[in-house]
Amino acid sequence: MGNGYLIRCVNCNYEYRALLGYGMLFPTVYQETVEGIKEGKFGEEYQKFFEEHPDAAVNCEAYMAICQDCGAFDTVKSMSLFLPKKSDDKTVNVGCLTFQEIKEGYKIAKKYPHKCSSCGGTLKPIDLIDKLSQKAVRCPVCKGEMQLTPDLLLWD
Ligand SMILES: [Zn+2]
Ligand SMILES: [Zn+2]
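What counts, and where the lines are drawn
- Residues numbered from 1 in each chain as written.
- Chains lettered and ligands numbered in written order.
- Predicted model: local features only at pLDDT ≥ 70, side-chain atom pairs only at ≥ 80, totals over all residues.
- Heavy atoms only, no water.
- Helix = DSSP H or I, 4+ residues; strand = E, 2+ residues; numbered from the N terminus.
- Buried < 20%, exposed > 50% of the residue type's maximum accessible area, 1.4 Å probe, protein only.
- Arc of directions from axis to C-beta.
- Pairing = 2+ DSSP bridges.
- Donors = N, O, S within 2.8 Å, 3.2 Å for Na, K, Ca; no water.
- Tetrahedral: all angles 85-135°; square planar, octahedral: opposite > 155°, others 65-115°.
- Axes fitted to C-alpha atoms, helices over the stretch in contact; angles between N-to-C directions.

A. Unusual backbone geometry, seen in detail. Non-glycine residue N13 carries a positive phi angle of around 70 degrees. One can find N13 in the loop between β1 (2–9) and β2 (15–20). In this structure, K143 is a non-glycine residue whose phi angle is positive, near 70 degrees. Residue position: K143 is located in the loop between α4 (128–133) and β9 (146–155). Residue classification places K143 among the partly exposed positions, given a relative accessible area of 49%.

Printed below as a string of structure tokens:
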């Protein structure tokens, strides 16, 4: 299940709503993502990787990301690639994996280079709640502190 978070700047009231996690649509999102990779929508490197490793899995979970160059906020699918920890395990059905299964049975193989839609800089996915508690999320407009507003909602 995914969660929606509304964060607001204490200084200028800039707001950003982030829909994180993967929601109830995870199996569908997963299938579409894998099809997209095989069609080359995520670049040649990803396409090749899946051809060479048919047992690879991909993390479709959405994360809040912050541009390392201009400070803009975005929400991105992780797109990190994983390979089974046991390479001889042929029983794995990649199409129906849950994120929990990915976490338990897989090791990370590749991270997707997310780009900022405003400046083309490097987007860094963050653990939003963790960063907010460290007061490390800054307003892209005025650099004020971003705080979670109490309107947590669930989405699917
Ligand atoms: Zn602000
Ligand atoms: Zn940027």
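Still more to cover.
B. Spotlight on helix α2 (residues 44–52). Residues of α2 that are buried include every one of Y46, F49 and F50, and no others. Along α2, the residues classed as buried sweep out an arc of 95 degrees about the axis, all on the same side. Exposed and facing more than 90 degrees away from the buried side of α2 are E44, E51 and E52.

C. Expanded view of the pairing of strand β4 (residues 62–67). Along β4, five of the six residues are buried, which leaves the element largely enclosed by surrounding structure. The turn linking β4 back onto strand β5 (residues 73–77) is made up of five residues, and G71 within it adopts a positive phi angle of 85 degrees. Here four bridges tie β4 to strand β8 (residues 123–126), and the two strands are oriented antiparallel to one another. By the bridge assignment, M64 is partnered in β8 with I126.

D. Spatial organisation of the coordination of the zinc ion (ligand 1). For the zinc ion (ligand 1), every protein donor is listed as C9 (SG), C12 (SG), C139 (SG) and C142 (SG), and the spread of their distances is 2.3 Å. What the four donor atoms of the zinc ion (ligand 1) show is an angle range of 99 to 115 degrees at the metal, which sorts the shape as tetrahedral. Spacing between the donor residues of the zinc ion (ligand 1) along the chain follows C-x2-C-x126-C-x2-C. Placement of the pair is C9 in strand β1 and C142 in the loop between α4 and β9, with a sequence separation of 133 residues.

E. Expanded view of the sheet that holds β4. Pairing is antiparallel in the open sheet, where three strands are placed in the order β5-β4-β8. The strands lining the two open edges of the sheet, one partner per strand, are β5 and β8. Strand after strand, the sheet turns through a mean of 45 degrees between neighbouring axes, direction not considered. Inspection of the sheet shows β4 paired to β5 by five bridges, in the antiparallel sense. Within the sheet, the bridge partner assigned to A62 lies in β5 and is K77.

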